[in-house]
Amino acid sequence: MTTRVALITGCGKRDGMGRAIANTLAASGVAVVVTDKQPTGVLNRRQEVVGGADESWGGVDSLVEEITGLGGTAMSQLGDI
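Reading the values: the criteria
- Residues numbered from 1 in each chain as written.
- Predicted model: local features only at pLDDT ≥ 70, side-chain atom pairs only at ≥ 80, totals over all residues.
- Heavy atoms only, no water.
- Buried < 20%, exposed > 50% of the residue type's maximum accessible area, 1.4 Å probe, protein only.
- Helix = DSSP H or I, 4+ residues; strand = E, 2+ residues; numbered from the N terminus.
- Pairing = 2+ DSSP bridges.
- Right-handed = clockwise from strand over helix to strand, strands pointing away.
- Axes fitted to C-alpha atoms, helices over the stretch in contact; angles between N-to-C directions.
- Contact = heavy atoms within 4.5 Å.
- Polar contact = N/O pair within 3.5 Å; in protein donor to acceptor, adjacent residues only side chain to side chain.
- Salt bridge = Lys/Arg side-chain N within 4 Å of Asp/Glu carboxyl O.

Burial along strand 1 (residues 5-8) is one-sided: Ala6 and Ile8 are buried, and none of Val5 and Leu7, which face the opposite way, are. The sheet contact formed by strand 1 and strand 2 (residues 31-36) spans four bridges and is parallel. Residue pairing for strand 2: Ala6 is matched across the bridge by Val32. At this point the chain moves from strand 1, through helix 1 (residues 17-27), to the parallel strand 2, and the crossover so formed is right-handed.

Okay, here's the thing in structure tokens:
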């Protein structure tokens, strides 16, 4: 049996595209490695100016818990690609 694995970058933010991609792939049976430069993601320009960081979100670790809680396979890793 071959397990597909995907490395998805930019997964630290709650409202980011990386989270959506990771959830979609995990729901289809792909094991995912979610990563970002910082645990809760890097703020974009709008978030720097007006705020928007979500203090209740644990970043990539929260995403791993979310995916595994739904029966998927996931792990997190911090890094700069």
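Right, let's talk about the sheet that holds strand 3 (residues 74-78) for a bit. With parallel pairing, three strands are arranged side by side in an open sheet as 1-2-3. Whereas interior strands pair on both sides, the edge strands pair on one side only; in this sheet they are strand 1 and strand 3. Neighbour to neighbour, the strand axes of the sheet diverge by 20° on average, direction disregarded. Summarising the sheet, strand 2 and strand 3 pair through five bridges and their orientation is parallel. Following the sheet pairing, Val32 is matched in strand 3 by Ala74. Together, strand 1 and strand 2 form the strand contacts of helix 1, whose direction differs from that of strand 1 by roughly 175°. Along the sheet face, helix 3 (residues 60-69) touches strand 2 and strand 3 and points at about 170° away from the line of strand 3.

Attention shifts here to the environment of Ser56. Structurally, Ser56 is set in the loop between helix 2 (45-50) and helix 3. Remark: the alpha-carbon pair of Ser56 and Arg14, spanning 42 residues in sequence, is separated by 9.6 Å. Side chain to side chain, Ser56 and Arg14 meet in a polar contact 3.4 Å long.

Here the focus is the pattern of salt bridges. Considering all chains together, one arrives at one salt bridge under this definition. Among the ionic pairs, Glu66 bridges to Arg19, the shortest N-O distance being 2.7 Å. On the criterion of sequence distance, the pair formed by Glu66 in helix 3 and Arg19 in helix 1 is long-range, its members being 47 residues apart.

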